[in-house]
Amino acid sequence: MCRLARASLIRMSQPPLALIDTHCHFDVDDFDADRVEVAARAWAAGVDTIIIPGYVAVQWSRLFEVCAAISRPRLLPAPGLHPCYIRQHEQAHLERLEQLLQNRPEIVAVGEIGLDYYVDEIKVPELKEKQLDFFRAQLALAMRYKKPVILHVRKAHQDVIRVLHEMRFSEGGIVHAYSGGIEEARHYAKRGFRLGIGGPLTYDQSRRLRAIVTAMPLEALVLETDAPDMIPLPHRIAGPGRTRNSPEFLPSIAAAMAELKNLPLAEVMAVTHAQSLAVLRLPPL
Ligand SMILES: [Zn+2]
């Protein structure tokens, strides 16, 4: 075998071991003082790509600035209107989102969008209705521009699944910080979604989540930190008083998944990396 052929065979049989943080609010001001240093540490820890979802229209320009400022890890924007900020959203923001989808080819997904029936103040009937309107409108945009979506769903899986079905949504995406049951998990997987798994996997009280991660095939799962929220347990213990989660902690979530599923860490890294690229239709870095 010639040297070149052997080299390419080795490359094929040993995919580069890297991680993708599929959900990190790296644009928020918690990271303003040391974003470059955190990015360098995340890169050194093996994180090669970070997806930054949007939440309010006023933050979108900052989101694009942050994505353009750092190249390692690759930072990719997923602008959208988050259901928890439903009071702030206006019709004009949907029009701006559509302009962004027309003009910004670097947009990887529409996010984070969805329904939140957990927070009392936003589940009053008129705000529930507004959440549904904005969710449907953003799914329609994702369909028009052929983008996957990043879903935020709390205590609302039935309605989210019903709306996806009614709209025949087929672009797929990620159900971030998955909190539903096993039947719903299977339903999302059938619809081309992956489940976003983060720090809660390392918490003692997350029995249901661990049962779902155990039961679902590895191919249905992707990793996320949701930084600056949801600090993984090992980093809480190691850093007393620490209040900020960070993309550099993603390896501990991969390790927790490997332990739980009784699989080699390298396999968890390779498969979740490949699934993140596939669902977001991204080329490898
Ligand atoms: Zn989020």
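So, here's what we can say about the structure. Worth saying up front: this structure is predicted, and the values here are computed from it rather than measured. (Residues numbered from 1 in each chain as written. Predicted model: local features only at pLDDT ≥ 70, side-chain atom pairs only at ≥ 80, totals over all residues. Heavy atoms only, no water.)

## Points about the coordination of the zinc ion
Thinking step 1. Protein-derived coordination of the zinc ion comes from His-23 (NE2), His-25 (NE2) and Glu-112 (OE), at a distance range of 2.0 to 2.2 Å.
Thinking step 2. Read from N- to C-terminus, the donor residues coordinating the zinc ion fall into the pattern H-x1-H-x86-E. Note that His-25 is positioned in the loop between strand 1 (19-21) and helix 2 (35-44) and Glu-112 in strand 4 (residues 110-116), a separation of 87 residues in sequence.
Thinking step 3. On the basis of relative accessibility, which here comes to 9%, the residue His-25 falls in the buried class. (Donors = N, O, S within 2.8 Å, 3.2 Å for Na, K, Ca; no water. Helix = DSSP H or I, 4+ residues; strand = E, 2+ residues; numbered from the N terminus. Buried < 20%, exposed > 50% of the residue type's maximum accessible area, 1.4 Å probe, protein only.)

## Considering unusual backbone geometry
Thinking step 1. A cis amide bond links Gly-111 to the next residue, Glu-112, at an omega of -10°.
Thinking step 2. Residue Pro-228 is bonded to the preceding Ala-227 through a cis peptide linkage, with omega at 10°.
Thinking step 3. With respect to the helices and strands, the residue Pro-228 is situated in the loop between strand 8 (221-223) and helix 9 (233-238).
Thinking step 4. Even without glycine at this site, Lys-146 takes up a positive phi of about 50°.
Thinking step 5. Of note, Lys-146 is situated in the loop between helix 5 (125-144) and strand 5 (149-154).
Thinking step 6. For Lys-146, a relative accessible area of 57% puts it in the exposed group.

## Some words on the environment of Gln-59
Thinking step 1. Checked against the element boundaries, Gln-59 lands in the loop between strand 2 (47-53) and helix 3 (60-69).
Thinking step 2. The spacing of Gln-59 and Phe-134 is 75 residues in sequence and 17 Å in space, taken between C-alpha atoms.
Thinking step 3. For Gln-59, the contacting residues outside a window of four places in its chain are Asp-27 and Val-28.
Thinking step 4. At 3.1 Å, the side chain of Gln-59 and the side chain of Asp-27 are in polar contact. (Contact = heavy atoms within 4.5 Å. Polar contact = N/O pair within 3.5 Å; in protein donor to acceptor, adjacent residues only side chain to side chain.)

## Description of the nonpolar core
Thinking step 1. In this structure, Phe-26, Val-149, Leu-151, Tyr-188, Leu-195, Ile-197 and Met-257 are the most contacted members of the largest nonpolar core, which totals 75 residues.
Thinking step 2. Here Phe-26 is in contact with Phe-31, Arg-35, Val-38, Ala-39, Ile-52, Val-66, Ile-70, Leu-75 and Pro-247, once residues within four sequence places are set aside.
Thinking step 3. Counting 13 residues, the second-largest nonpolar core is a separate cluster that includes Ile-150, Val-222, Leu-277 and Val-279. (Core = buried A, V, L, I, M, F, W, Y, C linked by side-chain atoms within 4.5 Å.)

## A short note on the side chain of Asp-48
Thinking step 1. Within the element layout of this structure, Asp-48 appears in strand 2.
Thinking step 2. For the buried Asp-48, no salt bridge is present, and the opposite-charge side chain at shortest range is Arg-74, 5.2 Å distant.
Thinking step 3. There is a polar contact of 3.0 Å between the side chain of Asp-48 and the side chain of Thr-49.
Thinking step 4. With residues up to four places along the chain from it excluded, the contact list for Asp-48 reads Ala-18, Leu-19, Ile-20, Trp-43, Pro-73, Arg-74, His-273 and Leu-285. (Lys, Arg positive; Asp, Glu negative; His and termini not counted. Salt bridge = Lys/Arg side-chain N within 4 Å of Asp/Glu carboxyl O.)

## Some thoughts on the pattern of salt bridges
Thinking step 1. According to the stated counting rule, one finds 13 salt bridges in the structure shown.
Thinking step 2. Two residues, Arg-62 and Asp-32, come together in a salt bridge whose shortest N-O distance is 3.3 Å. With Arg-62 in helix 3 and Asp-32 in the loop between strand 1 and helix 2, this residue pair connects regions lying 30 residues apart in the sequence.
Thinking step 3. Here Asp-32 falls in the partly exposed class, since its relative accessible area comes to 42%.
Thinking step 4. Residue Glu-183 is joined to Arg-186 by a salt bridge in which the shortest nitrogen-to-oxygen separation is 3.4 Å.

## Section: the pairing of strand 4
Thinking step 1. Of all 7 residues making up strand 4, 7 are buried, and the element is well covered by its neighbours.
Thinking step 2. Relative to strand 5, strand 4 runs parallel, the two being bridged by 6 bridges. Its bridge partner being in strand 5, Val-110 is matched across the sheet by Val-149.
Thinking step 3. Note that the unit made of strand 4, helix 5 and strand 5 has a crossover that is right-handed. (Pairing = 2+ DSSP bridges. Right-handed = clockwise from strand over helix to strand, strands pointing away.)

## Overview of the sheet that holds strand 8
Thinking step 1. Taken in spatial order, the 5 strands line up as 4-5-6-7-8 in an open sheet, and their pairing is parallel. Single-partner strands in this sheet number two, and they are strand 4 and strand 8. This sheet shows a mean twist of 30° between the axes of neighbouring strands, independent of strand direction.
Thinking step 2. Sheet topology places strand 6 (residues 173-176) next to strand 7 (residues 193-197); 3 bridges connect them, and they run parallel. Its bridge partner being in strand 7, Gly-173 is matched across the sheet by Phe-193.
Thinking step 3. Against the sheet, helix 5 contacts strand 4 and strand 5, and its axis sits at roughly 150° relative to strand 4. (Axes fitted to C-alpha atoms, helices over the stretch in contact; angles between N-to-C directions.)

## Looking at the packing of helix 4 (residues 91-103) against helix 5
Thinking step 1. The contact between helix 4 and helix 5 brings their axes to 11 Å, and the two run at 15°. On the basis of the axis angle, helix 4 is roughly parallel to helix 5. Taken as a pair, helix 4 and helix 5 cross one another with a handedness that is right-handed. Where helix 4 approaches helix 5, its residues Gln-91, Leu-94, Leu-97, Glu-98 and Leu-101 are matched on the opposing element by Phe-134, Ala-137, Gln-138, Leu-141 and Arg-144.
Thinking step 2. Of the residues contributing to the contact of helix 4 with helix 5, the split by class is 6 nonpolar, 2 polar and 2 charged. (Parallel < 35°, antiparallel > 145°, perpendicular 65-115°, else oblique. Left-handed = near helix turned anticlockwise from the far one by under 90°. Nonpolar A, V, L, I, M, F, W, Y, C, P; charged D, E, K, R; others polar.)

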